[in-house]
Amino acid sequence: MRDDGSSAKSNIVQAVDVCIDVLLNVAKNPDVRLTEIAQNTGETKPRILRMLRTMERRGLVRKSETGTYRLGTTAIVLGTAASTQVDLVRIANPILEEVGQKANETTQLRIIDNGESLCIAKFEPMRDLRVQAMIGRRRPLTAGSYKVLLAFLHPQVQLQMIPEALPRLTRRTITDRNKLIAELEKIRRQGFCVSYGEVSEQLVSVSVPVLAFDGSVIAAVNVGAPAFRTQKSDVDRYIVLLRDAASKISARLGW
């Protein structure tokens, strides 16, 4: 079946599409005027003005005393975050591959996104039986070795991100909130997290935090391996490899 793009177009919210056009116009033309934006986008001035006022309220644009528009502080925050994430993946990819080849197991880089851990980079070894990773796959922050992301958050933020009811994924998943908080304190002290079957009973997972330039946690590097072939000596080796990898990534991010 030929895809003529009609399905994709039907999913577009026109107002959002135009709003993005307006924002990009402001980004490309600092101190642009309402009339110019309307001319550039082919939209009416009243419609553009409503969008600008909405974006101004959210800090995406700011209006000068002379009536021109430029990007606001929220846009700067978004740009910085996007730049950091792009740099993070670019820096991490060869390091993930190096760790994956040494461990001969799957490695991942995950970040916190909307209260979950999100895979943004991966490496899988050339062996028949391996942990399969998927960029874009999400996992709970409260189960598995990605608890390390929670453990290194500011305590107040950490508590806000722990739900009252914790999902049970396997019989090994921690479902008691107080036990989880105590576990997070232990993870922070030791500097890594090892999970035996908390997300999948056949999986052993080890994660170490990656720190940004200001010392805050920005991501976690991970080795995931089938439980049947993972010994204590393997876990110890993964911890050493991941600590070195996290240190390299953190250093290149300015930490």
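Cut-offs and rules
- Residues numbered from 1 in each chain as written.
- Predicted model: local features only at pLDDT ≥ 70, side-chain atom pairs only at ≥ 80, totals over all residues.
- Heavy atoms only, no water.
- Helix = DSSP H or I, 4+ residues; strand = E, 2+ residues; numbered from the N terminus.
- Contact = heavy atoms within 4.5 Å.
- Areas by Shrake-Rupley, 256 points an atom, 1.4 Å probe, with all protein chains shown as cover.
- Lys, Arg positive; Asp, Glu negative; His and termini not counted.
- Charge placed at Lys NZ, Arg CZ, Asp CG, Glu CD.
- pLDDT = per-residue confidence, 0-100.
- Domains from an automatic or database assignment.
- Pairing = 2+ DSSP bridges.
- Axes fitted to C-alpha atoms, helices over the stretch in contact; angles between N-to-C directions.
- Patch = residues over 30% accessible without salt bridge, like charges linked within 9 Å, V, L, I, M, F, W, Y side chains within 5 Å.
- Salt bridge = Lys/Arg side-chain N within 4 Å of Asp/Glu carboxyl O.
- Buried < 20%, exposed > 50% of the residue type's maximum accessible area, 1.4 Å probe, protein only.
- Polar contact = N/O pair within 3.5 Å; in protein donor to acceptor, adjacent residues only side chain to side chain.

Asker: Outline the overall build of the chain, listing residues and values.
Answerer: Helix and strand content of the chain: nine helices and eight strands. When contacts within the chain are restricted to residue pairs at least 6 apart in sequence, long-range pairs at least 24 apart make up 55% of them. Put simply, the chain shows about 14500 Å² of open surface, and 52% of that area lies on carbon and sulfur atoms. The chain carries 37 positive and 27 negative side-chain charges, and their two centres are separated by 1 Å.

Asker: Lay out the confidence of the model for the chain with the relevant residues and their values.
Answerer: Reading predicted coordinates in detail is not appropriate for stretches of low pLDDT. Confidence along the chain averages 89 in pLDDT terms, with 93% of residues attaining 70 or more. Scored below 50 in pLDDT, residues 1–8 makes zero contacts in the model with residues more than four places away or belonging to other chains.

Asker: Quick one: what's the story with the domain arrangement of the chain, residue by residue and with numbers?
Answerer: In terms of domains, the chain is made up of domain 1 (14–78) and domain 2 (86–253). A C-alpha centroid distance of 40 Å is found between domain 1 and domain 2.

Asker: Before we move on, can you summarise the sheet that holds strand β3 (residues 106–113) with the specific residues and values?
Answerer: Taken together, six strands build an open sheet; the order of strands is β5-β4-β3-β8-β7-β6 and the sheet is antiparallel. Looking at strand neighbours, the two that pair on one side only are β5 (138–140) and β6 (193–196), the edges of this open sheet. Strand-to-strand twist across the sheet, computed as the mean angle between neighbouring axes with direction ignored, equals 30°. By the bridge criterion, five bridges tie β3 to strand β8 (residues 217–226) in an arrangement that is antiparallel. Within β8, the position partnered with T106 by the bridge is G224.

Asker: Go over a nonpolar patch on the surface with me, naming the residues and quoting the values.
Answerer: Nonpolar side chains collect at one region of the surface, where V13, V16, I20 and L24 lie side by side and expose about 340 Å² of accessible area between them. As for its placement among the helices and strands, I20 is situated in helix α2 (residues 14–28). Overall, I20 belongs to the partly exposed group, its relative accessible area being 44%.

Asker: Hey, could you go over the environment of T66 for me, with residue numbers and the actual values?
Answerer: Inspection of the secondary structure assignment puts T66 in the loop between β1 (61–63) and β2 (69–71). For T66 and M126, which are 60 residues apart along the polypeptide, the C-alpha to C-alpha distance reads 61 Å. At 2.9 Å, the side chain of T66 and the side chain of S64 are in polar contact.

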